[in-house]
Amino acid sequence: MLLIHCPYCEEERPELEFRHAGEAHIARPADIASISDEDFAQYFFYRDNPKGLTFERWRHIHGCARFFNAVRDTVSDKFVTTYKTGEPKPDLAEAANENKPQAKKGRGSK
Amino acid sequence: MTTAGTNRIAGKGRLTPANTVRFTFDGKSYTGLEGDTLAAALIANDVHLVGRSFKYHRPRGILSAGPEEPSALVGVRRDAARQTPNIRATVQEIHDGLDAVSQNRWPSLAFDIGAVNDIGSPLFSAGFYYKTFMWPKVAWKHVYEPVIRNAAGLGTAPEEPDPDHYAGRYAHCDVLVIGGGAAGLSAALAAAESGAQVILCDEKPSFGGALWFEEEARLDGMDGYEWAQQTTDRLAVMDNVRVLSRTTAFGYYAQNFVGLVERVTDHLAAPEADMPRERLWQVRAKRVIIAAGAIERHMVFANNDRPGIMLAAAARTYLNHHGVAVGRKVGVYTANDSAYAAAIDLKKAGSDIPAIVDIRDNPDSVVVEEAKALGIRVLTGHAVTGAGGKLRVASMSVEPKNGGSAEVIPVDALLMSAGWTPSVHMFSQSRGKVAWDEESQRFLPGTYAQDCVSVGACNGTDGLAETVAEALDAGERAAKEARAKAKKSGVKIKTEGGGKWAGGMIGAGPGAGAGKVVKAFVDYQNDVTAKDIRLAVQEGMHSIEHVKRFTTNGMATDQGKLSNLHGLAIAAEALDRPIPKVGLTTFRPPYTPTTFGAIVNHARGKLFDPMRCTPMHASEEAAGAVFEDVGQWKRAWYYPRPGEDMHAAVNRECRTVREVAGMFDATTLGKIEVIGPDAAKFLDLLYTNPFMKLGVGKLRYGIMCREDGFIYDDGVVGRIAEDRFHVTTTTGGAPRVMNHMEDYLQTEFPDLKVWLTSTSEQWAVIAVQGPKSREIIAPFVEGIDLSSEAFPHMSMAEGKVCGVPARVFRMSFTGEAGFEINVPADYGRMVWDTLHEHGKPMGMCLYGTETMHVLRAEKGYIIVGQDTDGTVTPHDAGLSWAVGKKKTDFVGIRGLMRPDIVAKGRRQLVGLKVKDGRTVLEEGAQIVADPKQAVPMTMIGWVSSSYWSENCGRPIAMALVEDGFERMGDTLYVPMPDRVIEVEVTNTVFFDEEGGRLHG
């Protein structure tokens, strides 16, 4: 079970308290009624499916009930960072450095 | 000779001779000692033959003294329901009355018909099943598969439900130490004395690990095993330490989440009834110290599976811990020093050691000299090329390893050691990457992925002093990393002795047979031989993952404990590639077999899923309701009277509601209180309908769409005040509608001043419907004028009902004049009972969900999820009137303009009139325009709702049909397996089309 840091509660809580809520940073167009079919398709249907870091929304549904954003590595399943709704995308170069200390080497890797 | 077995050596071992235990194996009674495993007690009684192998039904004995055991699998039964198959005899502790049986044999263990597979074994080589039984195809299902299934598998599962219960605990700690040998105990002690919260677990009944057999090791001046017990006692009394024996760490998951299973009662003769059989520990540790030790490997040679052939350290465990000599004439075959210690121990205990056969040319260490000094014949540069005997090993054939004449040496047991494989299972499960160490020819922890560290033998650390030093350092370091206030532990442990087991080989020895019909087992449990691995390579399996799947090497419970390295080395040799290039298969949880009981734990029976009952449930039950499951809810389905079946009951309920009145429990509806200055604006955005102008005290039916324009939910919204709404949702939709609303409120419209509160559980809802509904409730209503003029259809008011605060809605899901009374949940039953008592003499009935479905269908009211399927727009459902034409924005506004949504050919909701006037269509049945067309026919729609309508005197149905609105009056067809049913397309209102009854 993953531990997820809720940026509102400011603590790590077990995955069971959370629910995934799709890709992050997709804003509903303010003039949605007048956008083109292509723009609507982009907004509603198309999603990234990256191997590596992904921006996604989570909801602390069995906690504070807030939606927030997270950066997660789809390969290792590790959360790089979480942040509040409305905050800009974090600088990943910086976040990656902060969260990826040099992997510890064991006896076998001389 | 003692009473506890002919092979028990007086003065040897740590068990108390007076503490005897009676148990049975295959119906025969034996005596063992308290502290024995089943394997130890059987060997003490000179029983080596304990089972038959999986594929060839070869006689099998006891190979090991631990959880890596692949052969000695038995069934253990306490009673009819408590029968556990495939228990490792090397793990099961004996207790008085233990009843164990051998498996996979018929009619008896000594004479097994299935052993014919062994003779026919050239037929059953690797990939046998893939290549055979391909023809004729039909024979697979009816002939081959049933026969194979019958013959396959080892033990038999019990047929009764498991009567035991299993406990579960969550635990958090600074440092989790996996394994309680010298390394684990040292690490735990250092961490604990540094002030860290420590959990220490070991799979055995007592701590010590290799100290169980390693008699020469001394710590702090005392016997190693004794030190382990004293250290355990010291740890157990510390407040910051939890010591768990008989507890296996079986799975290592993300973020240092480790699953442990503690076996609580399997070793007890008469466990107390309230004790759990096992306890699942879900541990979240800041740091994990893996001290899992190493597993001794067998030698790969012909017939290396004969009973009596076992790992050298296992024989030491049986001798030094249990006081049992595994044989009187014990041969030894080794590629490593550790087997010498076994030979020396047995020799000193009185067994004859005819020869130590060492495949190495010049083994050079103290133990070799010691063996020679004891007069043991040491044959270096030699190999055992075969074993004689069938039900028990009788001899070993010894040859110079590079060829020469063979000598047959009689033995009654044969010990082997090919070296030690570091147990990197937990490290690998943590997603750490192992690395090949060329010098010591083993895989060691390479790159770590989590906050853990390996110490001791599982880290490739050789020698007791080195192990203890490494473990103390790791324990102290882990405590410091986990806890800012950790202090210096000050723990020092003095060590003496303890072997450094140099040497070892991987792969097959001479005589393991490339082309010959020879069985040199690599994986005992799956009956995989060296030849099978070579064959797999020959047949084109060039990746170790393919070799594994083709041969099943290392599968099932082995998970790479014994077979991995040998299999890998043989494959690498056949491929002519270095081992690291061939790779290693993945270690997967569980480390050892784990019961479903422990994993499922409390979540079974009534605790599997919550059951939700409304406050009126008991009254409904008393009234004879039959309940149906709606999600987690129990809902009254219908109320049969004596002699009525469901059909009769529903017909009566339907008639009574329309003729008199009926009362219905609508509590399960989702309810959301929407409050705030922008509440109306918010609902205007979330629903297709306009809400800004809805008057206070008025109700409006609302449709909620997703952005794509498809119906997501529906319900009635009441305006209680300018800034306060009472919103209802479908029963099943309650949580997702709340989530949907919160999502938009928090992330898209965060500037709106609105607060949402789920009130589904707070209100009990009682619907009273029918011509007499007003008359029935009126005497109990205070503060609300119920007359049609003051309180018309689609109004709401707050007042009191039966003296308690209530929100009364004048609304209808039946087409009759009716009321939905919301009262605080705790008063629900009182109000229900009061109204029932009053209404019953007036002819009112209780009705359930089935009648509710029929009545609403008579009126053409849709049920979201039944008449819609996530691809239906409000227009498709005939609800265009509910979409605000003047609105400039709402969720779904743009979706409803999509080309495919406005195009022709959409499936639209229509009514169907069955022409014969009596056939009730099947819900889900497909509809075609021309029943004579060729199959497969073009299907133009499907039946979404269908009932017998007592009030209409005929069947009614709704269906989603392509361009349905343009087909009014057309004849369509519903093809069924036995006939074609003719239907006419109608509108969806079957009863009281003008709607006059609503306003009565």
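Rules of the game
- Residues numbered from 1 in each chain as written.
- Chains lettered and ligands numbered in written order.
- Predicted model: local features only at pLDDT ≥ 70, side-chain atom pairs only at ≥ 80, totals over all residues.
- Heavy atoms only, no water.
- Helix = DSSP H or I, 4+ residues; strand = E, 2+ residues; numbered from the N terminus.
- Rg over C-alpha atoms; globule rule 2.2 N^0.38 Å.
- Buried < 20%, exposed > 50% of the residue type's maximum accessible area, 1.4 Å probe, protein only.
- Areas by Shrake-Rupley, 256 points an atom, 1.4 Å probe, with all protein chains shown as cover.
- Lys, Arg positive; Asp, Glu negative; His and termini not counted.
- Charge placed at Lys NZ, Arg CZ, Asp CG, Glu CD.
- Pairing = 2+ DSSP bridges.
- Domains from an automatic or database assignment.
- Buried area = accessible area lost by both parts, 1.4 Å probe.
- Salt bridge = Lys/Arg side-chain N within 4 Å of Asp/Glu carboxyl O.
- Polar contact = N/O pair within 3.5 Å; in protein donor to acceptor, adjacent residues only side chain to side chain.
- Axes fitted to C-alpha atoms, helices over the stretch in contact; angles between N-to-C directions.
- Left-handed = near helix turned anticlockwise from the far one by under 90°.
- Contact = heavy atoms within 4.5 Å.
- pLDDT = per-residue confidence, 0-100.
- Core = buried A, V, L, I, M, F, W, Y, C linked by side-chain atoms within 4.5 Å.
- Patch = residues over 30% accessible without salt bridge, like charges linked within 9 Å, V, L, I, M, F, W, Y side chains within 5 Å.
- Phe/Tyr/Trp six-rings, centres within 6.5 Å; stacked < 30°, edge-to-face > 60°.
- Lys NZ or Arg CZ within 6 Å of the ring centre and 35° of its normal.

**Some remarks on the overall build of chain A**
Stage number 1. Along chain A, the regular secondary structure elements total 2 helices and 6 strands.
Stage number 2. Starting at the N terminus and ending at the C terminus, chain A contains elements arranged as β-β-β-α-β-β-β-α.
Stage number 3. For 110 residues, the compact-globule formula gives about 13 Å, and the C-alpha radius of gyration of chain A, at 17 Å, lies well above that figure.
Stage number 4. Burial statistics for chain A: of 110 residues in total, 37% are counted as buried.
Stage number 5. Entry remark: accessible area of chain A is about 6,700 Å², with carbon and sulfur atoms responsible for 48%.
Stage number 6. Between the centroid of the 17 positive side chains of chain A and the centroid of its 18 negative side chains there is a distance of 9 Å.

**Observations regarding the pairing of strand β32 (residues 626-630) of chain B**
Stage number 1. Pairing of β32 of chain B with strand β33 (residues 633-638) of chain B, which is carried by 5 bridges, proceeds in the antiparallel orientation. Bridging from a neighbouring strand, V626 of chain B pairs with Y638 of chain B of β33 of chain B.

**Here we look at the domain arrangement of chain B**
Residues and elements named next belong to chain B.
Stage number 1. Domain boundaries assigned for chain B yield domain 1 (1-160), domain 2 (168-294 + 422-496), domain 3 (298-418), domain 4 (506-593), domain 5 (618-668 + 762-783 + 797-872) and domain 6 (904-999).
Stage number 2. Each of domain 5 and domain 6 was reduced to a C-alpha centroid, and the two centroids are 28 Å apart.
Stage number 3. Surface buried jointly by domain 5 and domain 6 totals about 2,000 Å² across both partners, of which 49% is contributed by carbon and sulfur atoms.
Stage number 4. When residues of domain 5 are sorted by the area they lose upon contact with domain 6, E858, K859 and D867 head the list and together hold 27% of the total.
Stage number 5. Our count for the domain 5 to domain 6 interface comes out at 3 salt bridges.
Stage number 6. A salt bridge links E950 to R655; its shortest N-O distance comes to 2.9 Å.
Stage number 7. Where domain 5 meets domain 6, there are 23 residue pairs in polar contact (both at pLDDT 80 or more).
Stage number 8. Broken down by element, the side of domain 5 that touches domain 6 gets its largest block of residues, 7 residues, from helix α23 (residues 849-858).

**Here we look at the sheet that holds strand β7 (residues 98-101) of chain B**
All names here are of chain B.
Stage number 1. One open sheet holds the 5 strands; their spatial order is β2-β1-β7-β5-β6, and the pairing between them is mixed. With partners counted over all chains shown, the strands left at the sheet margins are β2 (28-33) and β6 (83-88), one partner each. In this sheet, neighbouring strand axes are inclined to one another by 35° on average, regardless of whether the strands run parallel or antiparallel.
Stage number 2. Alignment of strand β5 (residues 73-77) against β6, held across 4 bridges, turns out to be antiparallel. Counterpart to V76 in the pairing with β6 is T84.

**Focus on the packing of helix α7 (residues 312-320) of chain B against helix α8 (residues 338-348) of chain B**
All names here are of chain B.
Stage number 1. Relative orientation of the contacting elements α7 and α8 amounts to 30°, with a least axis distance of 8 Å. When you trace α7 past α8, the crossing you get is left-handed. In this structure, α7 uses A312, A315, R316, L319 and N320 to contact α8, whose residues at the interface are A339, A341, A342, D345 and L346.

**What to know about the confidence of the model for chain A**
Stage number 1. Across chain A, the average pLDDT comes to 90, with 91% of residues at 70 or higher.
Stage number 2. At the level of individual helices and strands, chain A shows its lowest average pLDDT in helix α2 (residues 92-99) of chain A, which scores 62, and its highest in helix α1 (residues 37-44) of chain A, which scores 97.

**Focus on the nonpolar core**
Residue and element names in this part refer to chain B.
Stage number 1. Judged by nonpolar contacts, the single largest core of 103 residues is most densely connected at L176, L260, Y318 and L415.
Stage number 2. The biggest single contributor to this core is helix α1 (residues 38-44), with 7 residues.
Stage number 3. Excluding residues within four positions of it along the chain, L415 makes contact with M310, A312, A315, V326, V330, G331, V332, Y333, A342 and L346.
Stage number 4. Core analysis: the second largest hydrophobic core is formed by 37 residues, L185, A228, A471 and V491 among them.

**Side note on the interface of chain A and chain B**
Stage number 1. In this complex, chain A contributes 36 residues to the contact, which on the side of chain B involves 43 residues.
Stage number 2. Buried surface at the junction of chain A and chain B, summed over both partners, amounts to about 3,000 Å²; 47% is from carbon and sulfur atoms.
Stage number 3. Of all residues in chain A, M1, R28 and R107 of chain A give up the largest surface area on contact with chain B, accounting jointly for 23% of the area buried on that side.
Stage number 4. If you look at where chain A meets chain B, you find 5 salt bridges.
Stage number 5. The residue R28 of chain A makes a salt bridge to D889 of chain B at a minimum N-O spacing of 3.1 Å.
Stage number 6. At the surface where chain A touches chain B, the tally comes to 23 residue pairs in polar contact (both at pLDDT 80 or more).
Stage number 7. Taken together, the elements giving at least two residues each to the side of chain A that touches chain B come down to α1 and β4 (53-59) of chain A.
Stage number 8. Here the element with the most residues in the side of chain A that touches chain B is α1 of chain A; it accounts for 4 residues.

**Some details on a nonpolar patch on the surface**
Residues and elements named next belong to chain B.
Stage number 1. On the surface, W106, F111 and I113 cluster together into a nonpolar patch covering about 390 Å² of accessible area.
Stage number 2. Among the structural elements, I113 can be located in the loop between β7 and α2 (116-119).
Stage number 3. Judged by its relative accessible area of 44%, I113 falls in the partly exposed class.

**Some thoughts on the packing of aromatic side chains**
Stage number 1. Applying the stated criterion across every chain yields a total of 21 aromatic pairs over all chains.
Stage number 2. Between W637 of chain B and Y638 of chain B the ring centres are 5.4 Å apart and the planes differ by 65°, which places this aromatic pair in the edge-to-face class.
Stage number 3. The partly exposed category is assigned to W637 of chain B, whose relative accessible area is 24%.
Stage number 4. The structure contains a cluster of three or more aromatic residues connected by ring pairs, namely F40, Y43, F44 and F45 of chain A.
Stage number 5. When the ring centre of Y448 of chain B is taken as origin, the NZ or CZ atom of K104 of chain A, which lies over that ring, is 4.5 Å away.
Stage number 6. The cationic tip of K561 of chain B hangs over the ring face of Y591 of chain B; the distance from NZ or CZ to the ring centre is 4.6 Å.

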